[in-house]
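Residue-level structure breakdown
Chain by chain, the residues:
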Amino acid sequence: MVPEAEFSSYYDRPVIKEPAWGTPDVPAYLFLGGLAGASSVLAAGAELSGYRVLARAAKISALGAISLSAAALVHDLGRPERFLNMLRVFKPSSPMSVGSWLLAGYGPVAGAAAVSDVTGLLPGAGRAATLGAGLLGPGIATYTAALLCDTAVPAWHEGYREMPYVFAGSAASAAGGLGLVAVHPANAVPARELAVLGAAVELIAKRQLLDRLARSGGQSVAEPYQAGTTGAILRLAEFLTAGGLAGAVLGRGSRAVSALSGASLVAASAMTRFGIFQAGMASARDPKYTIVPQRRRSGRE
Amino acid sequence: MSIDPAARAGYAGHPPRMGFFTDTSLCIGCKACEVACKEWNAVPEDGLSLSGMSYDNTVGLGASTWRHVAFIEQPVPPRVNALEAAASPSSVEAAGGMRWLMSSDVCKHCTEAGCLDVCPTGALFRTEFGTVVVQDDVCNGCGYCVGACPFGVIARSEEDGQAHKCTLCYDRLGTGLEPACAKACPTDSIQFGPLDELRERARLRVQDLREAGRDSAQLYLGDPDDGIGGAGAFFLLLDEPEVYGLPPDPVVTTRDLPGLWRHVAIAAAGLAATAVALGLGRRKAGG
């Protein structure tokens, strides 16, 4: 056990500022955006392999999730009426700029896919929209990792190599899980496959993330992910992910077990995003997570 | 190797890069800089309470505080040598009892500015003087800049929902005036001018202080090879940066962005490939 590092600070005040993003708006956005993007992936795959009922459910989920997601995002702005200013420029150095343009493309396409399927209008265009949403969906599900990690927040920034995989896995797990809730397991094989793959990726990537953070610079930046209520939420999420994964596989003959497993995966995905968000905020508030690793890096420790 | 931020931003034939050299060894803690800044920029009042942090009742930089004077009262071990005693401004310090560090903090106008890089609306921009300014009529208050600043400078106002910070008095520079804080500073602790002149002056000043026995004198953010490409507003400190609330070794988050985007691309490609794999799965009749 490494002893607590000695360091000075200015009256224990934070060095950086906590992001201005509010709860629940932004963590909800992270979860819903991931769910939407991965649901479009599921919809495209299900449609191509003939699982029509599942494909429709996934398209509706995607549209619903992205609509709520966009509402949460606009609501969190300090000047919501100026949300269109996001489209004044395209800046690859800003994940929020890239994401805004992705959303501007993905939203209408996901909407068209769902509406066409439900109403039966313009099936050809609907099929194209489904594939288009399936192509943009992965970007929607993963760019949010860049959004968090491209900041000065220690618990997020230091995890930049693993976070995209955590988010992709979490999104896939949630989308597959929602498919299992909505559709009988016999007609939801792609959903189960996506859920199992996503859950496995999420569990492994999260472990890698915490291992790396625990090793960094003399002050474990894994601490905010493990301590207090945040730690409890993330551990519960891990348990629900593992349980949901097991249930999806072992209970694939049973509607009830499948649905319960799916719900478990969806809840776990939401809890993971909230937990990661809170951990970041905590790491910004306590100056030690900024000061100690930087002193170590600059050779002063 | 020194980057010219104004040239990089696309200005042809721009004026020399302007900035601040804040020599905290000269600061007397009068807070004229805080007042002048608020007066000139019509920055709102943001708190009239006592913090208990020595004379610092401003507490930190924010949307409504663009100059912040920090006060640190430090015990000094009684092995102060004669040279240091002669050089010190206070007889209390010479007696080896206590010394008082005072510093006027401000936006660093980084050469590689995190806030500028992440702003999605283009509200934050680089001026022809190499400074970083927010356009109040564009900012939609997304708050991304707040978490991206390695120094905790910029913040979102609760009153108008937008981000605000020091403009290096952009409106004064255009007419050849110096910023309000530099104008008001009675000891010339805040020095304004072309950045390379200030860097040279600072180098000589640190040398003088060290020769006079003040070994802890150090430049902060004066090196163009540091993690933000050097700052447009740099400092002479008399102790470690973290004592003043400054990060010891800040690196702009954008430095890691290429690697981050690569991992995002791989993760996204993996998810997309899954769609293809799912699509190639067993065809289900009438599902």
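For the structure itself, consult the block above.
Residues numbered from 1 in each chain as written. Chains lettered and ligands numbered in written order. Predicted model: local features only at pLDDT ≥ 70, side-chain atom pairs only at ≥ 80, totals over all residues.

So, on to the pairing of strand S3 (residues 98–106) of chain B. All names here are of chain B. Within S3, seven of the nine residues are buried, which leaves the element mostly enclosed by the surrounding structure. Pairing of strand S2 (residues 67–75) with S3 involves nine bridges; the strand directions are antiparallel. The residue of S3 that forms the bridge with Phe71 is Met102. (Buried ≥ 20, exposed ≤ 12 C-beta atoms within 10 Å, placed from the backbone. Helix = DSSP H or I, 4+ residues; strand = E, 2+ residues; numbered from the N terminus. Pairing = 2+ DSSP bridges.)

With that out of the way, let us pick up the interface of chain B and chain A. Each side of the interface is counted separately: chain B has 59 residues, and chain A has 75 residues. Breaking the side of chain B that touches chain A down by element, the ones donating at least two residues are helix H5 (114–118), helix H6 (144–148), strand S6 (155–156) and helix H10 (257–279) of chain B. If you tally residues by element for the side of chain B that touches chain A, the top one is H10(B), at 15 residues. Looking at the side of chain B that touches chain A residue by residue, the class counts come to 29 nonpolar, 21 polar and nine charged. (Contact = placed C-beta atoms within 7 Å. Nonpolar A, V, L, I, M, F, W, Y, C, P; charged D, E, K, R; others polar.)

A rise of 1.5 Å per residue sets the reference length of helix H3 (residues 95–119) of chain A, with its 25 residues, at 36 Å; its end C-alpha atoms lie 35 Å apart and thus fit the reference within 8%. Once H3(A) finishes, Gly120(A) follows within two positions and takes phi at roughly 80°, a positive value. (Expected span 1.5 Å × (residues − 1).)

For the rest of this paragraph, the subject is the sheet that holds strand S8 (residues 190–194) of chain B. Residues and elements named next belong to chain B. The four strands lie next to each other as S8-S1-S10-S9, forming an open sheet whose pairing is mixed. Both outer strands of the open sheet, S8 and strand S9 (218–220), are each paired with one neighbouring strand and no more. Between one strand axis and the next, the sheet turns through 20° on average, direction left out of account. By the bridge criterion, four bridges tie strand S1 (residues 18–23) to strand S10 (residues 233–237) in an arrangement that is parallel. Bridging from a neighbouring strand, Asp23 pairs with Leu236 of S10. (Axes fitted to C-alpha atoms, helices over the stretch in contact; angles between N-to-C directions.)

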